[in-house]
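Structural overview for review
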Amino acid sequence: MEEGTRDLGKLSQLAGHMRRTIVEITTKAGSGHPSTSLSMVELLLPLYFGGVLRHDPLNPRWPDRDRFILSKGHGAPALYTVLAMRGYFPEADLSTLRVIGSALEGHPNMLRVPGVEASTGSLGQGLSLGVGHALAGRLDGRDYRTYVTVGDGESQEGQVWEAAMAASKFGLGNLVCILDHNEYQQTGAVRGVMPIEPVNDRWSAFGWHVIEIDGHDLGAVFAAYDEARTIKGQPTLIHAHTVKGKGVRAIEQDEKQSHYHGVPLSPDEARVALEELA
Amino acid sequence: MIIGARLGLPVGKATRNAFGEALRDLGRSHPEIVVVDGDVHNSTRTGYFAKEFPDRFFNVGIAESNMVGVAAGLAANGKTAVVSSFACFIMCNGFDQLRMSVAFPQQNVKVVGSHAGISIGEDGPSQMGIEDVALALALPGFTVLCPADEHAARALTRLMIETSGPAYMRTGRLDVPIIYNEESEFTLGRANRLRDGNDLTIIASGLMVAAALEAAHLLAEEGIEARVLDMHTIRPLDAEAIEAAARETGCIVTAEEHLLAGGLGQQVAAVVADTWPVPMGFVGLDNQFATSGAPDALLVRYGLTADDIVRVAKRAFGRR
Ligand SMILES: Cc1ncc(C[n+]2csc(CCOP(=O)(O)OP(=O)(O)O)c2C)c(N)n1
Ligand SMILES: [Mg+2]
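No experiment lies behind these values; they were computed from the predicted model shown. (Residues numbered from 1 in each chain as written. Chains lettered and ligands numbered in written order. Predicted model: local features only at pLDDT ≥ 70, side-chain atom pairs only at ≥ 80, totals over all residues. Heavy atoms only, no water.)

Re the coordination of the magnesium ion (ligand 2)
Donor atoms from the polypeptide that bind the magnesium ion (ligand 2) are Asp 152 of chain A (OD), Asn 182 of chain A (OD1) and Tyr 184 of chain A (O), placed at 2.0 to 2.1 Å. When its relative accessible area of 25% is taken as the criterion, Tyr 184 of chain A is described as partly exposed. (Donors = N, O, S within 2.8 Å, 3.2 Å for Na, K, Ca; no water. Buried < 20%, exposed > 50% of the residue type's maximum accessible area, 1.4 Å probe, protein only.)

Re the sheet that holds strand 6 (residues 209-214) of chain A
Residues and elements named next belong to chain A. Pairing is parallel across the open sheet formed by 5 strands, whose spatial order is 1-2-3-7-6. Both edges of this open sheet fall to strand 1 (67-70) and strand 6, since each of them pairs with a single strand only. On average, adjacent strands in this sheet sit at an angle of 20° to one another, irrespective of strand direction. Examined bridge by bridge, strand 3 (residues 175-181) and strand 7 (residues 236-241) share 6 bridges and lie parallel to one another. (Pairing = 2+ DSSP bridges. Helix = DSSP H or I, 4+ residues; strand = E, 2+ residues; numbered from the N terminus. Axes fitted to C-alpha atoms, helices over the stretch in contact; angles between N-to-C directions.)

As for the sheet that holds strand 11 (residues 252-259) of chain B
Residues and elements named next belong to chain B. Taking strand neighbours across the sheet as the criterion, the 5 strands line up as 7-9-8-11-12 in an open arrangement whose pairing is mixed. In the strand order of this sheet, the two ends are held by strand 7 (192-195) and strand 12 (280-285), each with one partner. The sheet shows a mean angle of 25° between the axes of neighbouring strands, direction not considered. Judged from the 3 bridges that link them, strand 7 and strand 9 (residues 226-230) form a sheet pairing that is antiparallel. Within strand 9, the position partnered with Arg 193 by the bridge is Leu 229. Across the sheet, helix 9 (residues 208-221) lies against strand 7, strand 8 (200-204), strand 9, strand 11 and strand 12, angled at about 160° from strand 8, the strand it touches most. Contacts between helix 11 (residues 264-275) and the sheet are confined to strand 8, strand 11 and strand 12, with strand 11 contributing the most and set at about 145° to the helix. (Contact = heavy atoms within 4.5 Å.)

Focus: the pattern of salt bridges
By the definition in use, this model includes 29 salt bridges over all chains. For the salt bridge of Glu 197 of chain A with Arg 191 of chain A, the shortest nitrogen-to-oxygen distance reads 4.0 Å. Among the residues examined, Glu 197 of chain A registers a relative accessible area of 31% and is labelled partly exposed. For Arg 191 of chain A, a relative accessible area of 51% translates into the label exposed. Overlapping salt bridges bring together Lys 13, Glu 21, Glu 150 and Arg 154 of chain B as one network. (Salt bridge = Lys/Arg side-chain N within 4 Å of Asp/Glu carboxyl O.)

Things to note about the pairing of strand 6 (residues 167-170) of chain B
Residues and elements named next belong to chain B. Burial along strand 6 is two-sided: the residues Ala 167 and Met 169 and Tyr 168 and Arg 170 are all buried. As paired strands, strand 4 (residues 109-114) and strand 6 are joined by 4 bridges and run parallel to one another. Its bridge partner lying in strand 6, Gly 113 is registered against Arg 170. One ladder, built from 3 bridges, connects strand 5 (residues 143-145) with strand 6; its direction is parallel. Across the sheet, residue Thr 143 finds its bridge partner in strand 6, namely Ala 167. Handedness of the crossover joining strand 5 and strand 6 through helix 8 (residues 150-162) is recorded here as right-handed. (Right-handed = clockwise from strand over helix to strand, strands pointing away.)

Some words on the packing of helix 5 (residues 126-139) of chain A against helix 6 (residues 158-169) of chain A
Residue and element names in this part refer to chain A. Interaxial distance between helix 5 and helix 6 falls to 8 Å at its minimum, and their mutual angle equals 25°. Taken together, the axes of helix 5 and helix 6 are roughly parallel relative to one another. In this structure, the crossing between helix 5 and helix 6 has a hand that is left-handed. Judged by residue contacts, Leu 127, Ser 128 and Val 131 of helix 5 engage Gln 159, Val 160, Ala 163, Ala 164, Ala 166 and Ala 167 from helix 6. Across the contact of helix 5 with helix 6, the residue classes break down as 7 nonpolar, 2 polar and no charged. (Parallel < 35°, antiparallel > 145°, perpendicular 65-115°, else oblique. Left-handed = near helix turned anticlockwise from the far one by under 90°. Nonpolar A, V, L, I, M, F, W, Y, C, P; charged D, E, K, R; others polar.)

Let's talk about unusual backbone geometry
Of note, the bond from Glu 197 of chain A into Pro 198 of chain A is cis; its omega dihedral lies within 30 degrees of zero at -10°. Looking at the element boundaries, Pro 198 of chain A is found in the loop between helix 7 (190-193) and helix 8 (199-205). The omega angle of the peptide bond from Arg 235 of chain B to Pro 236 of chain B is 0°, so this bond is cis rather than trans. Following the sequence through the fold, Pro 236 of chain B ends up in the loop between strand 10 (233-235) and helix 10 (239-249). One non-glycine residue, His 115 of chain B, lies in positive phi territory at about 55°. Mapped onto the elements, His 115 of chain B comes out in the loop between strand 4 and helix 7 (132-137).

Structure, rendered in structure tokens:
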């Protein structure tokens, strides 16, 4: 376990590396969810490289580790990339994404990948798992914290709200939900498919402490994680406004984001994207 | 596509595509059809219907249990409510609602699960419907359908819509071999005999029907003549055809792209045990999740090819 850096310049460089890797490995795999992964890069980096998450890549099952659960499991390329960069497994493995025999399946499998805290891919289930981890921590007298990333579309699942209610009832100050509010889901804009507004009021009404930030502003992300740590007896929602496909102009500018949901860039598009991200 | 290749079967559309087209076409003559979606109409292909009939289409977001309940409410008002998502999500996440709001009151809800089986490939096990048939069979009164190709998908979609009562149909993601043609006839609950033979019978569903035909071809080269039945309706099951197969061919092999537990094979075995016991063999996914990978590679790894049917068939034949 090491301290991590709060040097935003250094972290921005890492963000570039993460984005390039996400594009490369999904294009190579020929399938997967790059746009989903690109919106959460700045949410992950402070956790894994900024010292927010207490963890040890050499001891992924350390009982006192902080938990990170990717409830939006189709963001696996982002999670795998940050785990590999952090040394949970060799970065070279990333190029085996979705290939038969590889542990890096299309969606995270906790039985096969060190550092993957939960098997996900059916949306809506991660926050409940987080509640369970947080309750276990309290029971066992351990002071680890639990972080769960939920998609904005994903938050339409009823189970998310069942979990939100439970987290509040149990006063889980050790639980943080990060809402990746990138405005799009599989078949279109979240506002059009099924509005989730007013986000802050809804989560507040469910008993959560809400912090609203620009999810690509690393400083704001650090500040949100820091603030969450000071909140006792209540879970925290980090309402992060993000851009789906952040950093890749072709995706960012596509009005119908659904064209790119679950669709990798073609080799030509990827070449352009990698230049933009260089 | 590894399946059917040695028979030279032409590859046609995915059954999900054919279902989507048929549903849209039926929408023109059936104003009572409504469709409920959970943010996946571009995957399930109910999007074709949505495009032509936006007023009769409801996308409730990523909320499968709600989606099933909404469909049941629509059906309670005389609508033919079609509700569709990935097979695993609608059957697993919507199961209690299917049980209580659809099966128990026998509502006219048509459940269509896409991305059935392991041949979806790279997205991996969390997205694969490998238990959907077992779950559908656990819903009393549900008709359960499994089309083998695009023609079957069109015909079964029509029969499903035009027959009152709850039903489940599974569809696949991949383009699959063509077995039938536009004139092929389908009757709910009546298996289609695709090949004659008196040495053994292969009873298959979905993608495995093409594999069964291919296996029969390979077996014939070794002097074993196999009958092939496409059991496109898993309920009501064609017990007559199964009993006849047992009596006339003396051994039966089943093949399905589904967990062996609770699938086609065990339904057939129950009929065989009850009528005319003969040696049997079972091809399917055995008590495990699959992994990510190219569809063909997965079918080989998990034992769902014509060669696997041949291997299991010979063993059963040896005990005849
Ligand atoms: C229970 C369930 N239903 C449907 C899906 C299919 N699906 C995969 S991703 C997705 C959209 C997710 O949107 P969002 O949560 O906003 O994530 P984003 O990709 O925008 O980060 C859908 C519907 C699924 N994986 N799980
Ligand atoms: Mg989203």
